[in-house]
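So you can see what is in the structure, the chains are spelled out below.
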Amino acid sequence: MRFRSAVTHFDDRGSVCELFDERWSWHDEPLVFSYMFTLRPNKVKGWGKHMLHEDRYFVMFGEMEVVMYDTREDSPTKGLLARVHLSEWERRLMCIPIGVWHANFNPGTKDAVIVNFPTQPYDHGNPDKFRLPLDTDQIPYQFPPGVNGW
Ligand SMILES: Cc1cn([C@H]2C[C@H](O)[C@@H](COP(=O)(O)OP(=O)(O)O[C@H]3O[C@@H](C)C(=O)[C@@H](O)[C@H]3O)O2)c(=O)[nH]c1=O
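The protein goes by dTDP-4-dehydrorhamnose 3,5-epimerase in an unreviewed UniProt entry, where it is assigned to Phragmitibacter flavus. Within the UniProt record for the protein, the comment given under Function (unreviewed entry) is "Catalyzes the epimerization of the C3' and C5'positions of dTDP-6-deoxy-D-xylo-4-hexulose, forming dTDP-6-deoxy-L-lyxo-4-hexulose."

The next point concerns the sheet that holds strand E11 (residues 112–116). Read from one edge of the open sheet, five strands run E1-E9-E6-E11-E4, paired in antiparallel fashion. This sheet does not close on itself; its edge strands, each paired only once, are strand E1 (2–5) and strand E4 (35–39). Taken over all neighbouring pairs, the strand axes of this sheet differ in orientation by 25° on average, direction set aside. Here five bridges tie E4 to E11, and the two strands are oriented antiparallel to one another. Among the inter-strand pairings, Phe 37 is bridged to a residue of E11, identified as Ile 114.

What the rule picks out here adds up to nine aromatic pairs. Aromatic side chains Phe 37 and Tyr 57 sit 5.7 Å apart centroid to centroid with 65° between the ring planes, which places their arrangement in the edge-to-face category. Here Tyr 57 lies in strand E6 (residues 55–61) and Phe 37 lies in strand E4, a separation of 20 residues in the sequence. Tyr 57 carries the same exposure label as Phe 37, and that label is buried.

Counting 14 residues, the largest nonpolar core has Tyr 57, Met 64, Val 66, Leu 86 and Ile 114 as its most contacted members. Breaking this core down by element, the ones donating at least two residues are E4, E6, strand E7 (63–70), strand E8 (81–87), strand E9 (92–96) and E11. Looking at this core, the element that brings in the most residues is E7, giving three residues. Beyond its immediate stretch of four places on either side in the chain, Leu 86 contacts Phe 3, Tyr 57, Val 59, Gly 62, Glu 63, Met 64, Val 66, Arg 92 and Met 94. Core analysis: the next-biggest nonpolar cluster, separate from the first, contains 13 residues, Trp 47, Leu 134, Ile 139 and Phe 143 among them.

The full set close to the ligand counts 13 residues, and His 50, Asp 55, His 102, Lys 129 and Arg 131 are the nearest of them. Between the ligand and the protein, one listed contact pairs an oxygen atom with a side-chain N or O atom of Lys 45 at 3.1 Å. With respect to the ligand, the side chain of His 102 contributes an N or O atom lying 2.7 Å from an oxygen atom. Relative to its unbound accessible surface of 660 Å², the ligand loses 70% to contact with the protein. Going through the elements one at a time, E6 and strand E10 (100–105) are the ones with two or more residues in the shell around the ligand. Among the residues forming the shell around the ligand, the class breakdown is four nonpolar, five polar and four charged.

Assignment of secondary structure puts Asp 55 in strand E6. Buried charged residue Asp 55 carries no salt bridge. Nearest counter-charge: Lys 129, at 7.4 Å. A distance of 3.3 Å separates the side chain of Asp 55 from the side chain of Tyr 57, its partner in a polar contact. Here the side chain of Asp 55 touches His 102 through a polar contact of 3.1 Å, side chain to side chain. Once you skip the residues sitting within four places of it in the chain, Asp 55 turns out to touch His 50, Met 94, Cys 95, Ile 96, His 102, Asn 116 and Pro 118.

Cut-off values and rules
- Residues numbered from 1 in each chain as written.
- Predicted model: local features only at pLDDT ≥ 70, side-chain atom pairs only at ≥ 80, totals over all residues.
- Heavy atoms only, no water.
- UniProt positions renumbered as here; feature names shortened; annotations may be inferred.
- Pairing = 2+ DSSP bridges.
- Helix = DSSP H or I, 4+ residues; strand = E, 2+ residues; numbered from the N terminus.
- Axes fitted to C-alpha atoms, helices over the stretch in contact; angles between N-to-C directions.
- Phe/Tyr/Trp six-rings, centres within 6.5 Å; stacked < 30°, edge-to-face > 60°.
- Buried < 20%, exposed > 50% of the residue type's maximum accessible area, 1.4 Å probe, protein only.
- Core = buried A, V, L, I, M, F, W, Y, C linked by side-chain atoms within 4.5 Å.
- Contact = heavy atoms within 4.5 Å.
- Near = heavy atom within 4 Å.
- Polar contact = N/O pair within 3.5 Å; in protein donor to acceptor, adjacent residues only side chain to side chain.
- Areas by Shrake-Rupley, 256 points an atom, 1.4 Å probe, with all protein chains shown as cover.
- Nonpolar A, V, L, I, M, F, W, Y, C, P; charged D, E, K, R; others polar.
- Lys, Arg positive; Asp, Glu negative; His and termini not counted.
- Salt bridge = Lys/Arg side-chain N within 4 Å of Asp/Glu carboxyl O.

Structure (structure tokens):
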């Protein structure tokens, strides 16, 4: 998991924030595809896992907690759980390694708006996505009461 902090430029007319630039050399994979998604308060998208691409998130508005669980056999962090808080008030890129389970939770009070720059374009006919239900016993994590999603 890696991060790159972003700078938001404000002036009396509004703001500007660069999202992704290959010249930053932040990630080995090129910019090939992007999409936006939203997440409503107290909702979760996940658990998901990808075996062919990495997610590269950028939270534009609101906040999102990314909960990750590593089951990769050869990983030094196998069996570890991590929670990362992303928000519009500390904008940054974050990438999730291939094969790591993750779930995106909105702990805030407004819709979160996120851009994802996956390292591969979405395959509409055969998405690179594995799912587990939020209450799976394969991942040692429970979201707070009242939180739901899939
Ligand atoms: C991700 C994606 C989905 N879709 C469509 C497919 C489907 O009809 C609808 C919702 O798809 P999903 O349920 O996969 O969307 P979503 O649950 O938001 O998927 C996301 O979940 C989190 C946990 C992740 O890991 C992300 O990588 C992504 O897979 O949007 C696209 O057209 N393009 C895309 O790039």
